[in-house]
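Geometric and topological summary
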Amino acid sequence: GAGVSQSPRYKVAKRGQDVALRCDPISGHVSLFWYQQALGQGPEFLTYFQNEAQLDKSGLPSDRFFAERPEGSVSTLKIQRTQQEDSAVYLCASSLERATYEQYFGPGTRLTVT
Amino acid sequence: LAKTTQPISMDSYEGQEVNITCSHNNIATNDYITWYQQFPSQGPRFIIQGYKTKVTNEVASLFIPADRKSSTLSLPRVSLSDTAVYYCLVVFGNEKLTFGTGTRLTIIP
């Protein structure tokens with residue numbers, strides 16, 4: 001189990017439903033990141049944790065988006081009252097230490113809001 | 001954050017060397033240049049990073065001229081498995097990696 005894992009890999013939600021996306025980073029990695037990737041676009045930053053502290057959430061598109069990492073390991077990205085524009089792939093990445101450019105990405109969760 | 005410009009797409013035949021150039025005219029003194037590779041349905045994968053001149057690892061080389069306003073990722077003897085999207089990023093101590101639209105590289109058999 002060497003890599004970053006994410007679950008579920010696919011999620012279909014009806015508009016208005018709440019969803020929770022899980023990320024298991026590489027063991028021992030201090031930093032954890034969430035990105036949103038729309039079809040045909042590059043990933044866009046959402047938020048960043050160092051251990052359990054959320055140090056940057058400037059990329060979260062609205063207050064419907066919430067992320068946590070309570071024990072400094074597993075992280076959950078929650079989206080409340082999903083909208084169609086939330087449909088995207090949500091990527092999680094971890095890195096060994098802060099301010100390193102080598103991030104290890106998970107396979108992503110593809111969210112489709114109908 | 002420095003803005004980068006890359007070709008939208010490139011094609012190459014198997015066995016050839018592929019060079020993807022990225023422009024970053026407003027790169028700052030302490031910015032590093034980093035490249036990621038992304039396959040369909042996977043997250044991006046770090047390829048290489050450099051600051052100046054030339055960097056080489058087991059999969060690629062990165063050439064950076066003295067003015068650092070551009071950089072070139074070089075993939076030697078590409079194979080079909082190198083078909084992917086390649087992203088050039090300019091980063092300084094900034095955990096918020098800013099990806100552009102990348103270069104879609106297609107290897108032709």
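Calculation notes
Residues numbered from 1 in each chain as written. Chains lettered and ligands numbered in written order. Predicted model: local features only at pLDDT ≥ 70, side-chain atom pairs only at ≥ 80, totals over all residues. Heavy atoms only, no water. Salt bridge = Lys/Arg side-chain N within 4 Å of Asp/Glu carboxyl O. Helix = DSSP H or I, 4+ residues; strand = E, 2+ residues; numbered from the N terminus. Buried < 20%, exposed > 50% of the residue type's maximum accessible area, 1.4 Å probe, protein only. Contact = heavy atoms within 4.5 Å. Buried area = accessible area lost by both parts, 1.4 Å probe. Nonpolar A, V, L, I, M, F, W, Y, C, P; charged D, E, K, R; others polar. Polar contact = N/O pair within 3.5 Å; in protein donor to acceptor, adjacent residues only side chain to side chain. Disulfide = S-S within 2.5 Å. Pairing = 2+ DSSP bridges. Axes fitted to C-alpha atoms, helices over the stretch in contact; angles between N-to-C directions.

A word on the pattern of salt bridges. Residues and elements named next belong to chain A. Tallying each qualifying case throughout the model produces three salt bridges over all chains. Residue Asp-86 is joined to Arg-64 by a salt bridge in which the shortest nitrogen-to-oxygen separation is 2.8 Å. In this pair, Asp-86 is assigned in the loop between β8 (75-79) and β9 (88-95) and Arg-64 in the loop between β6 (53-56) and β7 (65-68), connecting sequence segments 22 residues apart. A single burial state applies to Asp-86 and to Arg-64, both of which are buried.

Let us look at the interface of chain B and chain A. Counting from both sides, the interface comprises 21 residues of chain B and, opposite them, 20 residues of chain A. For the pair chain B and chain A, the summed buried surface comes to about 1700 Å²; carbon and sulfur atoms form 55% of the total. Where chain B meets chain A, there are zero salt bridges. No other element matches strand β3 (residues 32-38) of chain B, which puts four residues into the side of chain B that touches chain A. The residue makeup of the side of chain B that touches chain A, split by class, is nine nonpolar, 10 polar and two charged.

Here we take up the side chain of Gln37(A). Position of Gln37(A) among the secondary structure elements: in strand β4 (residues 31-37). Only 2.7 Å separates the side chain of Gln37(A) from the backbone oxygen of Gln41(A), close enough to count as a polar contact. Reaching out from Gln37(A), the side chain makes a polar contact with the side chain of Gln38(B) at a distance of 2.9 Å. Aside from chain neighbours lying at most four places away, what touches Gln37(A) is Gly42(A), Pro43(A), Ala88(A), Val89(A), Leu91(A), Gln38(B) and Tyr87(B).

Another aspect to go through is the state of the cysteines. Taken as a whole, this structure holds two disulfides over all chains when the rule is applied. For Cys23(A), the disulfide goes to Cys92(A), at an S-S distance of 1.8 Å. What sets the handedness of the Cys23(A) and Cys92(A) disulfide is the S-S torsion sign, and at about -65° it is left-handed. On the criterion of sequence distance, the pair formed by Cys23(A) in strand β3 (residues 19-24) and Cys92(A) in strand β9 is long-range, its members being 69 residues apart. Summarising the burial analysis for this pair, Cys23(A) and Cys92(A) share the class buried. Here Cys22(B) connects covalently by a disulfide to Cys88(B), the sulfurs 2.2 Å from one another. Residues Cys22(B) and Cys88(B) share a disulfide whose torsion about the S-S bond is about -80°; that sign makes it left-handed. Taken together, the residues span a long stretch of sequence, with Cys22(B) in strand β2 (residues 18-23) and Cys88(B) in strand β8 (residues 84-91) at a distance of 66 residues. Assessed through its relative accessible area of 0%, Cys22(B) is described here as buried.

A few words now on the sheet that holds strand β1 (residues 5-7) of chain A. Residues and elements named next belong to chain A. Spatially, the four strands line up as an open sheet ordered β1-β3-β8-β7, and their pairing is antiparallel. Of all the strands in the sheet, just β1 and β7 have a single pairing partner and so form its edges. If you compare each strand with its neighbour and ignore which way they point, the axes differ by 15° on average. Note: β3 against β8, five bridges, orientation antiparallel. The residue of β8 that forms the bridge with Val-19 is Ile-79.

To continue, consider the sheet that holds strand β6 (residues 61-64) of chain B. Residues and elements named next belong to chain B. Pairing is antiparallel across the open sheet formed by four strands, whose spatial order is β2-β7-β6-β5. Sheet topology places β2 and β5 (53-56) at the edges, where each strand pairs with a single neighbour. Averaged over neighbouring strand pairs, the angle between their axes works out to 15° when direction is ignored. Across six bridges, β2 lies against strand β7 (residues 70-75) in antiparallel orientation. Across the sheet, the residue bridging to Ile-20 is Leu-73, located in β7.

Geometric values such as these leave the question of function open.
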